Amino acid sequence: MVSAKLTFWDTIPEKWKTLLSRSYRILLAFIGAYLLTSAFIGALGRGLSALGMSPGEATYTGLLLGMLLFCGCVVWVAATKYIVRLSVLIVALTGLLNFFISHLSTPGA
Amino acid sequence: MQISREFRASMNWLHTWLGIALSGVLFAIFWMGTLTVFHMEINRWMMPELRGGVTLDAPIDPIVMPIIEATDPETQTSIFIRRASEREPLVRVISFGGGERQDLWFEPETGAPVERTQSLGASGFFYPFHYSLHIGWLGLGYWIVGLAAMAMLVLTISGIFIHRKIFQDFFTFRPQKKARRSTLDLHNLTAIVALPFHILFPLSGVLIFALIYFPNAMTQAHDGDRRALIEENNGFYIPDYLGEPGPLPSSMDAIVARAEAIWTERDEQPARADGLRIAHVGDAGSEIMVQHVFPERKVAMSQGAISFSAKTDEIVRDFQPRPVQNVSAWMEGAHFIRFDSWAVRWLFFFGGLAGTMMIATGLLFWMRARMRKGMEPASVRVVRALTIGSTTGMIAASAAFLIANRSLTNDSAAFGLDRSLLEVLAFFVVWIMSFIHAGLRDKYAWKDQAGAIAFACLAAMSLNWATTGDNLFVSLSSGQWAVAGVDLALLASFLIAAKSALHLARVQARDPEFSAKTLSRAPKPVAAE
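Rules used throughout
Residues numbered from 1 in each chain as written. Chains lettered and ligands numbered in written order. Predicted model: local features only at pLDDT ≥ 70, side-chain atom pairs only at ≥ 80, totals over all residues. Helix = DSSP H or I, 4+ residues; strand = E, 2+ residues; numbered from the N terminus. Contact = placed C-beta atoms within 7 Å. Axes fitted to C-alpha atoms, helices over the stretch in contact; angles between N-to-C directions. Nonpolar A, V, L, I, M, F, W, Y, C, P; charged D, E, K, R; others polar. Buried ≥ 20, exposed ≤ 12 C-beta atoms within 10 Å, placed from the backbone. Pairing = 2+ DSSP bridges. pLDDT = per-residue confidence, 0-100. Parallel < 35°, antiparallel > 145°, perpendicular 65-115°, else oblique. Arc of directions from axis to C-beta.

**A look at the overall build of chain B**
At step 1: Per the secondary structure count, chain B includes 21 helices and 9 strands.
At step 2: Look at the contacts in chain B between residues 6 or more apart in sequence, and 69% of them connect residues 24 or more apart.

Written as structure tokens, this is what we have:
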């Protein structure tokens with residue numbers, strides 16, 4: 001007979017587990033989506049202006065598409081089964097876009 | 001496309017959580033935004049000096065030139081001039097310089113200064129409330145509203161996914177069914193009927209304040225230069241102060257006429273400048289910018305800004321929006337609703353009301369569903385008090401603001417506050433009291449506050465009559481549509497609130513223990529709607 005050892009997580013009531021898990025999802029959804037969207041707008045602004053678009057137009061293209069990204073990101077975080085993988089993906093993408101902003105492009109080049 | 005059960009369930013909890021967490025703020029924003037659609041008309045109701053006739057083509061030189069000539073160049077003063085319009089019949093001149101701000105109003109035809117009612121009016125209170133909540137500390141109000149706008153977009157999208165029968169819901173309202181069912185019907189109906197508004201308004205709101213919400217991202221393409229972005233996006237440019245004396249402009253009217261001729265030729269339809277800015281009056285680098293921010297026959301705003309050198313009268317900048325900026329300008333223009341269409345303005349007003357109803361019924365449905373599940377009476381009481389204070393309390397407070405406006409005089413002062421701040425105080429006192437009252441009176445608070453709204457609307461109408469002599473018949477017969485419109489809206493609110501209060505009183509008299517019975521029911525599972 002295998003004796004199951006209770007972990008700290010097992011001692012938490014189901015109701016509280018749901019509350020914690022959903023709070024985490026909401027926080028990740030909004031903070032993660034905000035940081036990712038912000039990096040996306042900046043990267044698209046720089047990238048498109050480097051390709052010849054006027055900086056103002058590039059920024060507003062990024063902003064309009066960024067709003068779609070934000071909503072998609074929040075919905076995805078709320079619905080996914082793979083919350084840990086998605087958290088890592090959001091952090092990695094945000095980091096990559098910020099790297100792009102600070103190193104790989106110069107405005108109006 | 002088949003939407004999985006799990007996905008719909010996850011959208012359901014996202015919708016519920018975000019809705020409950022932010023519905024109080026969202027109701028306040030939607031309610032104030034709805035009032036803001038007619039902020040200039042409410043201004044005319046609150047400030048009787050704005051009730052006169054309109055003279056659109058009167059010259060502005062007799063008003064502006066003496067102010068320009070009296071300005072000391074060393075104070076680096078900039079002067080903004082807003083021309084009279086059909087909705088705002090006075091010329092407004094605001095000057096900044098030497099650490100002072102002056103805000104003057106003039107009769108356009110005679111050029112005579114007008115003594116203003118010392119009130120923030122709807123433009124100074126309702127309008128900024130809907131985007132900043134009047135919380136100035138660290139710009140927190142803007143961020144809360146921004147968060148609520150983003151959440152509203154997510155709520156709309158998740159709401160669409162939750163619905164199995166979106167087309168059927170469009171035609172479904174069963175007031176004869178149980179209160180919980182008919183509340184949900186009304187929530188679905190108002191959400192679907194005004195769906196384009198529920199997407200357009202939060203999205204365009206975020207676009208308008210994008211520089212606040214994404215400060216670093218928005219300026220990346222301009223290497224962190226905010227002024228460069230603003231100049232490229234809407235043509236607003238602030239020239240450098242040179243510190244050398246320069247000549248004063250000869251005529252503002254001539255400059256305005258030149259700018260209007262350029263826009264008229266470009267758009268092939270008559271264009272009218274709405275404002276001017278004279279930067280650094282009397283300096284060698286002084287420039288006059290003529291603005292065409294709100295074109296009459298276009299939804300898109302920021303369609304023109306031409307800058308003239310004060311020294312040579314030559315054009316130094318001529319802004320024209322580019323295609324992508326026009327998309328953003330269209331959405332922002334749709335949010336401001338300053339284009340010349342009363343039908344669309346009323347449509348937007350009812351869209352806003354549908355939004356407030358959707359938020360209120362969403363809160364009510366959630367509360368009833370929790371009561372059905374056997375929620376603790378104390379929790380029900382707290383949630384109910386918050387719901388009542390956020391909805392009927394907000395409406396009662398808005399009416400109290402109007403009552404205070406018509407009850408106070410320009411020399412009124414108390415607690416170290418002047419008239420304009422006393423009006424604001426009346427709003428916040430009534431709003432806070434509505435939460436306390438709801439907590440104390442629990443289920444009877446709906447009826448009480450509906451009665452209070454009815455009384456307040458009637459009182460506001462009567463006070464307008466008593467203080468200005470403009471009752472509904474006078475304002476209608478003299479063609480004062482703005483004043484009559486506000487009075488008619490107050491009358492309609494009185495009738496709806498009074499009917500609601502009487503209906504609730506009858507229901508409670510018939511079954512005073514209704515709420516207690518509801519709470520004592522055995523918990524039943526509630527299927528995801």
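**Things to note about the packing of helix H17 (residues 419-441) of chain B against helix H18 (residues 445-468) of chain B**
Residue and element names in this part refer to chain B.
At step 1: At their nearest, the axes of H17 and H18 sit 9 Å apart, and the two run at 145° to each other. On H18, the residues touching Ser-434, His-437, Ala-438 and Arg-441 of H17 are Ala-445, Asp-448 and Gln-449.
At step 2: Here the contact of H17 with H18 is built from residues that sort into 2 nonpolar, 3 polar and 2 charged.

**Quick notes on the pairing of strand E5 (residues 287-292) of chain B**
Residue and element names in this part refer to chain B.
At step 1: Burial analysis of E5 places 6 of its 6 residues in the buried class, which makes it a mostly covered element.
At step 2: Alternating residues of E5 divide into Glu-287, Met-289 and Gln-291 and Ile-288, Val-290 and His-292, and every residue in both groups is buried.
At step 3: The pairing of strand E4 (residues 275-279) with E5 spans 5 bridges and is antiparallel. Each residue of the ladder has a partner; that of Arg-277, found in E5, is Met-289.

**Describing the confidence of the model for chain B**
At step 1: With 93% of its residues at a pLDDT of 70 or more, chain B shows a mean pLDDT of 87.
At step 2: Low pLDDT (under 50) marks residues 515-529 of chain B, which in the prediction has 15 contacts with non-local residues, meaning those over four places away or in another chain.

**A look at the confidence of the model for chain A**
At step 1: In this model, chain A carries an average pLDDT of 83, and 90% of its residues clear a pLDDT of 70 or more.
At step 2: Taking the mean pLDDT of every element in chain A, the minimum, 78, falls on helix H1 (residues 8-11) of chain A and the maximum, 90, on helix H3 (residues 55-79) of chain A.

**What to know about the sheet that holds E4(B)**
Residues and elements named next belong to chain B.
At step 1: In space, the 7 strands of this open sheet follow the order E3-E2-E1-E4-E5-E6-E7, with antiparallel pairing throughout. Pairing within the sheet leaves two strands with one partner each, and these edge strands are strand E3 (100-106) and strand E7 (315-319). Between one strand axis and the next, the sheet turns through 15° on average, direction left out of account.
At step 2: Relative to E3, strand E2 (residues 91-97) runs antiparallel, the two being bridged by 7 bridges. Following the sheet pairing, Val-93 is matched in E3 by Leu-104.
At step 3: Sheet contacts for helix H13 (residues 252-267): E4, E5 and strand E6 (304-309); angle to E5, the most-contacted strand, approximately 45°.

**Concerning the interface of chain A and chain B**
At step 1: Counting residues at the interface gives 27 residues for chain A and 31 residues for chain B.
At step 2: Listing elements by their share of the side of chain A that touches chain B, those giving two or more residues are helix H2 (14-50) and H3 of chain A.
At step 3: When residues of the side of chain A that touches chain B are assigned to their parent elements, the largest contribution, 16 residues, is made by H3(A).
At step 4: In terms of residue class, the side of chain A that touches chain B is made up of 16 nonpolar, 8 polar and 3 charged.

**Some details on the packing of helix H15 (residues 342-372) of chain B against helix H16 (residues 377-407) of chain B**
Residue and element names in this part refer to chain B.
At step 1: Packing of H15 against H16 brings their axes to within 11 Å, and their N-to-C directions diverge by 170°. It follows from the interaxial angle that H15 and H16 lie roughly antiparallel. Residues Ala-360, Leu-363, Leu-364, Met-367 and Met-371 of H15 touch H16, and the partners they reach there are Val-380, Val-383, Arg-384, Thr-387 and Thr-391.
At step 2: A per-class count over the contact of H15 with H16 returns 7 nonpolar, 2 polar and 1 charged.

**With respect to helix H3 (residues 61-69) of chain B**
Residues and elements named next belong to chain B.
At step 1: The complete set of buried residues in H3 reads Ile-63, Val-64 and Ile-68. All buried residues of H3 lie within an arc of 110° about the axis, which places them on one face of the element. H3 presents Pro-66 and Glu-69 as exposed residues on the side facing more than 90 degrees away from its buried surface.
At step 2: Elements that come into contact with the buried residues of H3 comprise strand E1 (78-82), E2, E3, H13 and E4.

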